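# Topology and contacts: notes
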Amino acid sequence: MDQEIVLQMRGISKSFPGVKALDDARLEVRRGEVHVLLGENGAGKSTLMKVLSGVYLKDEGEILYEGKPVEIRNIQDARKLGISIIHQELFMLAERNIAQNIYLGREPLKNPYTRQIDEKKMREDSKALLARLGVELSPDTMVKELSIAQQQMVEVVKALSVETKILIMDEPTSSLTKREIDALFAIVESLCAQGISVIYISHRMEEIFRIGDRVTVMRDGKYVGTVNVKETNMDQLVTMMVGRQISQMYGRPERRAGEVALETKDLTGLRFRNVNIRVRCGEIVGIGGLVGAGRTELVKAIFGYDRIESGKVFVHGREMKRHSPRNSVEAGIGFLPEDRKSEGLIQQQPIKNNILQASMKRYFKRGLVDKKAEKELAERYRGELKIATPDVTRRVSALSGGNQQKVVIAKWLCTENRILIFDEPTRGIDVGAKAEIYALIGRLAGEGYAILVVSSDQMELIGISDRVYVMKDGEVVGELGREEITAENIVSYAVGKEEA
Ligand SMILES: Nc1ncnc2c1ncn2[C@@H]1O[C@H](COP(=O)(O)OP(=O)(O)OP(=O)(O)O)[C@@H](O)[C@H]1O
Ligand SMILES: [Mg+2]
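Here is a short report on the structure shown in this document. Because the structure is a prediction, the values reported are computed rather than measured. (Residues numbered from 1 in each chain as written. Chains lettered and ligands numbered in written order. Predicted model: local features only at pLDDT ≥ 70, side-chain atom pairs only at ≥ 80, totals over all residues. Heavy atoms only, no water.)

### A few points about the overall build of the protein
Helix and strand counts for the protein come out as 17 helices and 24 strands. Projecting the C-alpha coordinates of the protein onto the three principal axes gives extents of approximately 70 × 50 × 50 Å. Pairs at least 24 apart in sequence give 67% of the contacts found in the protein among residues at least 6 apart. (Helix = DSSP H or I, 4+ residues; strand = E, 2+ residues; numbered from the N terminus. Contact = heavy atoms within 4.5 Å.)

### A closer look at the environment of valine 477
Tracing the backbone through its elements, the reader meets valine 477 in strand 24 (residues 475-480). Judged by relative accessible area, valine 477 falls into the partly exposed class, the value being 36%. For the pair valine 477 and alanine 494, spaced 17 residues apart in sequence, the C-alpha separation works out to 7.8 Å. Sequence-distant contacts of valine 477, that is, excluding residues within four places in its chain, are made with Val470, Met471, Lys472 and Tyr493. (Buried < 20%, exposed > 50% of the residue type's maximum accessible area, 1.4 Å probe, protein only.)

### Side note on the site of ligand 1
The environment of ligand 1 is made up of 20 residues, and the closest members are Gly42, Lys45, Thr47, Ser400 and Gly402. The separation between an oxygen atom of ligand 1 and a polar side-chain atom of asparagine 41 is 2.9 Å. Contact between ligand 1 and glycine 44: an oxygen atom at 2.9 Å from a main-chain N or O atom of the residue. In the complex, 89% of the free accessible area of ligand 1, which totals 640 Å², lies under the protein chains. Elements represented by at least two residues in the shell around ligand 1 include exactly strand 2 (19-30), helix 1 (45-52) and helix 14 (401-413). With three residues, the top contributor of residues to the shell around ligand 1 is helix 1. Looking at the shell around ligand 1, its residues break down into eight nonpolar, ten polar and two charged. (Near = heavy atom within 4 Å. Polar contact = N/O pair within 3.5 Å; in protein donor to acceptor, adjacent residues only side chain to side chain. Areas by Shrake-Rupley, 256 points an atom, 1.4 Å probe, with all protein chains shown as cover. Nonpolar A, V, L, I, M, F, W, Y, C, P; charged D, E, K, R; others polar.)

### As for the side chain of threonine 415
In this fold, threonine 415 is placed in the loop between helix 14 and strand 21 (419-423). Within the structure, threonine 415 has its side chain in polar contact with the backbone oxygen of tryptophan 412 (distance 2.8 Å). Polar contacts involving the side chain of threonine 415 include one to the main-chain amide nitrogen of asparagine 417, which spans 3.2 Å.

### As for the sheet that holds strand 22 (residues 450-454)
Strand order across the open sheet formed by six strands is 18-21-22-15-23-24, with mixed pairing between neighbours. Both outer strands of the open sheet, strand 18 (333-336) and strand 24, are each paired with one neighbouring strand and no more. Direction aside, the axes of adjacent strands within the sheet are offset by 20° on average. Of the strand pairs in this sheet, strand 21 and strand 22 are connected by five bridges, and their pairing is parallel. Pairing of leucine 420 across the sheet is with isoleucine 451, part of strand 22. Set on the sheet, helix 15 (residues 431-446) makes contact with strand 15 (283-289), strand 21 and strand 22; between it and strand 15 the angle comes to about 130°. (Pairing = 2+ DSSP bridges. Axes fitted to C-alpha atoms, helices over the stretch in contact; angles between N-to-C directions.)

### So, the sheet that holds strand 5 (residues 68-70)
Reading across the sheet, the four strands line up as 2-1-4-5 and stay open at both edges, with antiparallel pairing between neighbours. The sheet is open, and its two borders are formed by strand 2 and strand 5, each paired with just one other strand. Put simply, the sheet's adjacent strands are angled 25° from each other on average, direction ignored. In terms of strand pairing, strand 1 (residues 5-16) meets strand 4 (residues 60-65) through five bridges, oriented antiparallel. Pairing of glutamine 8 across the sheet is with leucine 64, part of strand 4. Strands in contact with helix 1 are strand 1, strand 2 and strand 4; relative to strand 1, the strand with the most contacts, it is inclined by about 115°.

### Considering unusual backbone geometry
A positive phi is found at arginine 115, a non-glycine position, where the angle reads about 55°. With respect to the helices, strands and loops of the structure, arginine 115 is situated in the loop between strand 7 (109-111) and strand 8 (116-117). Of the residues examined, arginine 115 reaches a relative accessible area of 59% and is grouped as exposed. Phi is positive for glutamate 424, close to 50°, though the residue is something other than glycine. Within the secondary structure layout, glutamate 424 lies in the loop between strand 21 and helix 15.

### Points about the packing of helix 14 against helix 15
Where helix 14 contacts helix 15, the two axes come as close as 12 Å, and the packing angle between them is 15°. The angle between the axes of helix 14 and helix 15 places the two elements in the roughly parallel class. In terms of crossing hand, the pair formed by helix 14 and helix 15 is left-handed. Here helix 14 contributes Lys406, Ile409 and Leu413 to the contact with helix 15, which in turn contributes Ala433, Ile437, Leu440 and Leu444. Here the contact of helix 14 with helix 15 is composed, by residue class, of six nonpolar, no polar and one charged. (Parallel < 35°, antiparallel > 145°, perpendicular 65-115°, else oblique. Left-handed = near helix turned anticlockwise from the far one by under 90°.)

### Overview of the environment of lysine 45
Mapped onto the fold, lysine 45 is located in helix 1. Along the backbone, lysine 45 and leucine 22 are 23 residues apart, and their C-alpha atoms lie at a distance of 8.8 Å. Filtering out sequence-adjacent residues up to four positions away, lysine 45 remains in contact with Leu37, Leu38, Gly39, Glu40, Ile201, His203 and Met218. Engagement of the side chain of lysine 45 in a polar contact is seen with the backbone oxygen of glutamate 40, the distance being 3.0 Å.

### Here's the deal with the pairing of strand 10 (residues 197-201)
With five of five residues buried, strand 10 lies mostly within the body of the structure. Side-chain alternation along strand 10 places Ser197, Ile199 and Ile201 on one buried face and Val198 and Tyr200 on a second face that is also buried. Of the strand pairs in this sheet, strand 3 (residues 34-38) and strand 10 are connected by four bridges, and their pairing is parallel. In the strand pairing of strand 10, valine 36 is matched with tyrosine 200. Where strand 9 (residues 166-170) meets strand 10, five bridges bridge the pair, whose relative direction is parallel. Looking at strand 10, one finds that isoleucine 166 is bridged to serine 197.

### Description of the pattern of salt bridges
Evaluated as defined, the whole model comprises 29 salt bridges. Notably, a salt bridge pairs glutamate 384 with arginine 380, separated by 3.7 Å at the nearest N-O pair. Note that glutamate 384 and arginine 380 are positioned in helix 13 (residues 371-384) at a spacing of four residues, about one turn of the helix. As a salt-bridge pair, glutamate 384 and arginine 443 come within 3.4 Å of each other at their nearest N and O atoms. One end of the pair, glutamate 384, is in helix 13; the other, arginine 443, is in helix 15, and 59 residues separate them in sequence. What makes arginine 443 partly exposed here is its relative accessible area of 44%. (Salt bridge = Lys/Arg side-chain N within 4 Å of Asp/Glu carboxyl O.)

Shown next as structure tokens:
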């Protein structure tokens, strides 16, 4: 491989009020390599990439680009150097179509004087870009009609629509299907062959070994080390990352399932049909299947976000008459959505308020919020889930992606609701915190909680579930008991037995 160094970041520091997000961070990237940036939630990965792409100004340190010192003061500076970023959280205008989002702020003009936009060119160029990535979407599709996975693909297309030398991908695959990931990786390979360098952030360890050339590990905003992928292994990386060894990822103590807490009878909605599932107290039930199989739609409908066309939902044997999130919460259900950004959190509110959002009623004293109890509770969950923040009165938007996910979990834990539905609970969560969350889910089940988990992560489903339903094209096509939960069984149902 070409060993030419295109980028060096040295001694980079960046503080936010009360947090030193970067402390003498370092990174060196070669031409045409996939350089993985690894670290726990809150380690500073996104912040370092935001410094590189001109979103944040660094406090200290220097950046050398092709051997020469450069100042990156804003996004335009970065863009001029050929640095593009796909952010961890999606930024899309829902009310515009795909082409308009790809060319947002730099639309091709038909006439520079009237500033009339060349819609036709925009559409055709977008179409070509989408085709290049193998994304089967029309440039005219409105973004609000896209799934998160599809929006993520559009973000990739958008980043590649400008001349790029360094492409930063901050967790690009967290909600893509296997086929979409394969398409993305093929693109990454061809970009590297053209001499483009890719800085890749992911919590999926297996991806590092699949596409990474080198890995830089960060911890607490500091540089830990850089290793060649060929000369390392999972254990070494995890140890570098968390500073200790993780012995047990999934532990499944013996549990006894009790009465049925949640049940559906022939439930039919927009993207699922005739679903009959059951979750008992003290049981963790997984729903497997491919992205697009209707799993998210099903759980959203059960919780009352989406319409139910026919069929019934029973909670502790009682039929739910009117479906709405509010009624579901009243009935004792909690829901952790897939898209935490828009559905799980109020970004501009303090962490504390978000944690207490669903259980406010319990903390009212004579019409006033019991401030002390409120703070104590928020603090307790900060500790228990290791939410990385100096202060729970900070805004949620200041937390790293993985830590935001923990806040959503905390929110439901402090309600008294004992039926919890988790849609992709550990997406974007680092290995250390994952182990903590699995332990926590297991503990809750041990205390009698009924837990329904949708997950695309096979290891996760296999590791934590007592029972798994597999969905395909909107229907439950298989049910696996504890002993039958294997990757082969899940996949063979998910793709249809004959094809497997
Ligand atoms: N805008 C901000 N204001 C205040 N604090 C921030 C801001 N952005 C990040 N931080 C803090 O800086 C630290 C590093 O966050 P960063 O987002 O870089 O982590 P990360 O490594 O990307 O984590 P994750 O894997 O969870 O995405 C965290 O403690 C975070 O709370
Ligand atoms: Mg991040």
